[in-house]
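# Structural overview
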Amino acid sequence: MNETTGRRREVRRWVGLTILAGLLAFWLLLLSRGYGWFGGRLAAGGVAMEAVAVRSGFLLHAPGSIAGVAEVEGPGGRWARVVPRNIGGGWTLAPFDWAPETDYRVRLGRIETTVRAPQRAAAWLTASLALGQVLLAEASPGETHKPAALALSPDGRYAAVGTSRGLLMAVEAATGRELWRARARGGGVVRAVAFSADGGVLLAGDQGQGAAAWATAVPRSADEGWGRELWRLPFFDALAGGESDAAAPSYALPGVYRIRPLPGGDVLMVAAHSWMVGSHKRCRSKLWRLAARTGEVRWTWPAGDEASRNQVVWFDCDASGDAVAVAVSRDPHAEPADAALPGLPDEAVALLDGAGRVAGVHRLSPLGGLFPTVTFWRGVAMRPDGRFLVVTADDGRAFGFQLGRPMEGGGALAADEPTPPPLTLLWTRNLATPVELAGIPMVATTGCAAGVPAACLVATGAGHVPLDPAAGQRGPPALHPGGLRLAALDWTTGEVRWSLPLEDDPEGIRASDDGRAVAVAFSPVGEIDVSRPAKPDGSHGLLLLGLDERGAPLARLTSTYRTLGPVEYDLLALAADGGAAAVGECEAVAPGQTVVGQTRVHFLR
């Protein structure tokens, strides 16, 4: 009996040890797979992690919540610790300056994977927002809902989308998930959107009978909700809105054209209004500096209740907002009795100081011929340090100015040196001025410009025959030697440092805060020609550039993202750090009633 009991105890002991060893081996296997010891692509529990090399680092995605410190191991075998950033939708960004065609191991918490960096970072589509589906219930039969304004929060996590039918939406950029929507009280087009520099305020401006700018708080935590309005500023009456011609209800109504956030918590905003009275045109414009969170008006230009009798639709400023430049057009069809206000410029570039006062004015002489006056679109670009300014005119010329400070590298002024004038013309360059081919004059557009520390970027469009430049009427597209280029102009001399060919007309340009990342939207102008060969993935889209690249100009082109439908003017956005971008696509009906593209917004990393 005792011998049998002993044998049974021995068997039970070996069975227990075997089970324990099996459990220990199984646990070690799971642990090792979680840390990537056998292949590195599985987390604990067998969850795969996706890793993509994007321009600003490695984009990581895995189901469930991921937490922990991010680490990257390069060719030398050394691990570098980086601060990961949750951008929503299960995506985490591990910022890292990777080298092309190099293998890296990336670890986030208990998950590890291996990724090979490409020769050039492609634009990675994280999500699309299909407005045709989202807004179907908002539109009446025959109405079209399409994007009209687009912005990204400074960290690229949120997007703001304004529509042609008066909706403002907040969207999670990583997933395309709609977070909140509101309708503009005036029922017009949401023409401009922006986030404050700290990302805490969403600003919008509409165009319509109830034209106003307003601000909404961005939630700081999951406990807060969207939709808390901070302030609202009506400006319909300030721009003589009651005199609008109902026959032209779109651009003949007051509207905000640009909202520029400033690092100190303020924003600059410009609104304009132009309408016909018989055969003459009337224009009204006004510029505000506001506190983003409270709406408190710091100053306006012109001051008080007056509005400029000229057309101002764009401006630029230095990084602090203490120097603001505007290009002031005088329409050749302007009503003779509607004279400019005393002391305000006409057909000129004006420099405003930090209090909104005119510090300097430089009047420009007309080119003559088809261009009896000097008019502008959106070609105003100031270098971030406020030392230089470039303005492009509709006649194809570019003008470079020095702004009231010593020249580059000059340091502080000596006591006996005269103070430099506030606005000095340094150079003039004919980028796309009229040329004659077979006796027919052609010109190219120069309305897209952006200022970065290294250079002023000017994008020229396709050539065309100008029929009536003042009215924006143009003939058929034509070749122009200076057209369809992105040129980097030297701030001090106007010389072209480098240039890149553009596939089609530029539809807007954006630069990151540090000037290292640039986005240029492109799309054909005019009627879509489905008979010409189109690229398999679309003839419209977004160019993404990295300006810290060296070597040939094409090395600066990091990627091209194409859309099937056209990209209308200014439907692009770039995050402040350059890591996220967005572009709006619209539907179009080509000849033969062929529908091209979709109404949607694409979010990229």
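Note that the coordinates shown come from a computational prediction; the quantities given were computed from them, not determined experimentally.

### Some points on the packing of aromatic side chains
For the structure on display, the rule yields 7 aromatic pairs. Geometrically, the ring pair formed by Phe58 and Tyr104 is tilted, given 5.5 Å between the ring centres and 55 degrees between the ring planes. Highlighted residues: Phe58 in strand β2 (residues 57-61) and Tyr104 in strand β7 (residues 103-108), separated in sequence by 46 residues. Counting every residue linked through ring pairs, the aromatic cluster contains Phe58, Phe96 and Tyr104. We note Arg107 situated over the ring of Trp79; from NZ or CZ to the ring centre the distance is 4.2 Å. A cation over an aromatic ring shows up here: Arg258 above the ring of Phe315, its NZ or CZ 5.2 Å from the ring centre.

### Focus: the sheet that holds strand β40 (residues 540-546)
Taken together, the 4 strands give an open sheet; going across it, the order is β38-β39-β40-β41, and neighbouring strands pair in antiparallel fashion. Sheet topology places β38 (506-511) and β41 (557-563) at the edges, where each strand pairs with a single neighbour. With strand direction ignored, the average angle separating the axes of adjacent strands in the sheet is 15 degrees. Looking at chain direction, β40 and β41 are connected through 6 bridges and run antiparallel. Counterpart to Leu543 in the pairing with β41 is Thr560.

### Some thoughts on the nonpolar core
Ranked by internal contacts, the top residues of the largest apolar core, which has 37 residues, are Leu287, Trp301, Val326, Leu389, Val391 and Phe401. Sorting the residues of this core by element identifies β19 (266-277), β21 (297-301), β22 (315-317), β23 (324-328), β24 (348-352), β26 (380-382), β27 (388-392) and β28 (397-402) as the ones contributing at least two each. By residue number, the principal contributor to this core is β23, which donates 5 residues. With residues up to four places along the chain from it excluded, the contact list for Phe401 reads Val349, His362, Leu364, Arg387, Phe388, Leu389, Val391, Leu423, Thr424, Leu425 and Leu426. Within the second largest apolar cluster, 21 residues are counted, among which are Ala194, Ala215, Trp231 and Ala292.

### Focus on the sheet that holds β22
Working definition: the strands of a sheet are paired by backbone hydrogen bonds and lie parallel or antiparallel to each other. Across the sheet, which stays open at both edges, the 4 strands sit in the order β22-β23-β24-β25 with antiparallel pairing between neighbours. Of all the strands in the sheet, the pair left with one neighbour each is β22 and β25 (358-363). When the angles between neighbouring strand axes are averaged without regard to direction, this sheet yields 20 degrees. Direction of pairing for β22 relative to β23: antiparallel, over a ladder of 3 bridges.

### Details of the confidence of the model for the protein
When pLDDT is averaged across the protein, the result is 82; 78% of the residues are at 70 or more. When the criterion is pLDDT under 50, residues 28-46 qualifies, and its contacts beyond four places in sequence or with other chains add up to 31 contacts.

### Looking at empty space enclosed by the protein
Taken as a whole and judged by the stated rule, the model has 2 cavities of 30 Å³ or more. For the largest cavity, the calculated volume is near 60 Å³. Lining the largest cavity, in full, are Ile87, Thr126, Gly156, Arg157, Ala173, Ala174, Ala580, Ala581, Phe603, Leu604 and Arg605. The residue makeup of the lining of the largest cavity, split by class, is 7 nonpolar, 2 polar and 2 charged.

### Remarks on the side chain of Asp570
Looking at the element boundaries, Asp570 is found in the loop between β41 and β42 (572-574). For Asp570, a relative accessible area of 15% puts it in the buried group.

### Quick word on the environment of Lys286
Tracing the chain through its elements places Lys286 in strand β20 (residues 280-291). The exposure class of Lys286 is buried, given its relative accessible area of 4%. Sequence separation of Lys286 and Ala303 is 17 residues, and the distance between their C-alpha atoms is 9.0 Å. Apart from residues lying up to four places away in sequence, Lys286 is in contact with Leu239, Met269, Val270, Ala271, Thr300, Trp301, Pro302, Ala303, Gly304, Asp305 and Glu306. Side-chain polar atoms of Lys286 contact the backbone oxygen of Gly304, separated by 3.0 Å. Only 2.4 Å separates the side chain of Lys286 from the backbone oxygen of Glu306, close enough to count as a polar contact.

### Concerning the pairing of strand β10 (residues 147-152)
Summarising burial for β10: 6 of the 6 residues are buried, a large majority. Pairing of β10 with strand β11 (residues 158-163) involves 5 bridges; the strand directions are antiparallel. Counted as the bridge partner of Leu150 is Val161 from β11. Where β10 hands over to β11, the hairpin turn is made up of 5 residues, of which Gly156 adopts a positive phi near 80 degrees.

### Considerations on the environment of Leu604
Within the secondary structure layout, Leu604 lies in strand β46 (residues 600-604). Given the relative accessible area of 3%, Leu604 is considered buried. Separated by 430 residues in sequence, Leu604 and Ala174 place their C-alpha atoms 8.3 Å apart. Not counting chain neighbours up to four residues away, the residues in contact with Leu604 comprise Ala123, Trp124, Leu125, Thr126, Leu542, Tyr561, Gly579, Ala580 and Ala581.

### Here we look at the pattern of salt bridges
Scanning the entire structure with this criterion turns up 26 salt bridges. For the salt bridge of Arg298 with Glu296, the shortest nitrogen-to-oxygen distance reads 3.2 Å. Judged by relative accessible area, which is 42%, Arg298 ranks as partly exposed. With its nearest N and O atoms 2.9 Å apart, the salt bridge here joins Arg510 to Asp570. Note that Arg510 is positioned in strand β38 and Asp570 in the loop between β41 and β42, a separation of 60 residues in sequence. Overlapping salt bridges bring together Glu71, Glu73, Arg105, Arg107 and Glu112 as one network.

### Side note on unusual backbone geometry
Backbone torsion omega between Trp301 and Pro302 reads -5 degrees, so that peptide bond is classified as cis. Summarising the element assignment, Pro302 is placed in the loop between β21 and β22. Phi is positive for Glu101, which is not a glycine, with a value near 50 degrees. Looking at the element boundaries, Glu101 is found in the loop between β6 (91-95) and β7. On the basis of relative accessibility, which here comes to 48%, the residue Glu101 falls in the partly exposed class. Its identity is not glycine, yet Glu347 carries a phi of approximately 55 degrees, on the positive side. Residue position: Glu347 is located in the loop between β23 and β24.

Rules and cut-offs
- Residues numbered from 1 in each chain as written.
- Predicted model: local features only at pLDDT ≥ 70, side-chain atom pairs only at ≥ 80, totals over all residues.
- Heavy atoms only, no water.
- Phe/Tyr/Trp six-rings, centres within 6.5 Å; stacked < 30°, edge-to-face > 60°.
- Helix = DSSP H or I, 4+ residues; strand = E, 2+ residues; numbered from the N terminus.
- Lys NZ or Arg CZ within 6 Å of the ring centre and 35° of its normal.
- Pairing = 2+ DSSP bridges.
- Axes fitted to C-alpha atoms, helices over the stretch in contact; angles between N-to-C directions.
- Core = buried A, V, L, I, M, F, W, Y, C linked by side-chain atoms within 4.5 Å.
- Buried < 20%, exposed > 50% of the residue type's maximum accessible area, 1.4 Å probe, protein only.
- Contact = heavy atoms within 4.5 Å.
- pLDDT = per-residue confidence, 0-100.
- 1 Å grid on protein atoms, 1.4 Å probe; cavity = no way out; pocket = protein on both sides within 12 Å on 5 of 7 lines; lining within 4 Å.
- Points joined across faces, edges and corners; volume = space filled by probe spheres on them.
- Nonpolar A, V, L, I, M, F, W, Y, C, P; charged D, E, K, R; others polar.
- Polar contact = N/O pair within 3.5 Å; in protein donor to acceptor, adjacent residues only side chain to side chain.
- Salt bridge = Lys/Arg side-chain N within 4 Å of Asp/Glu carboxyl O.

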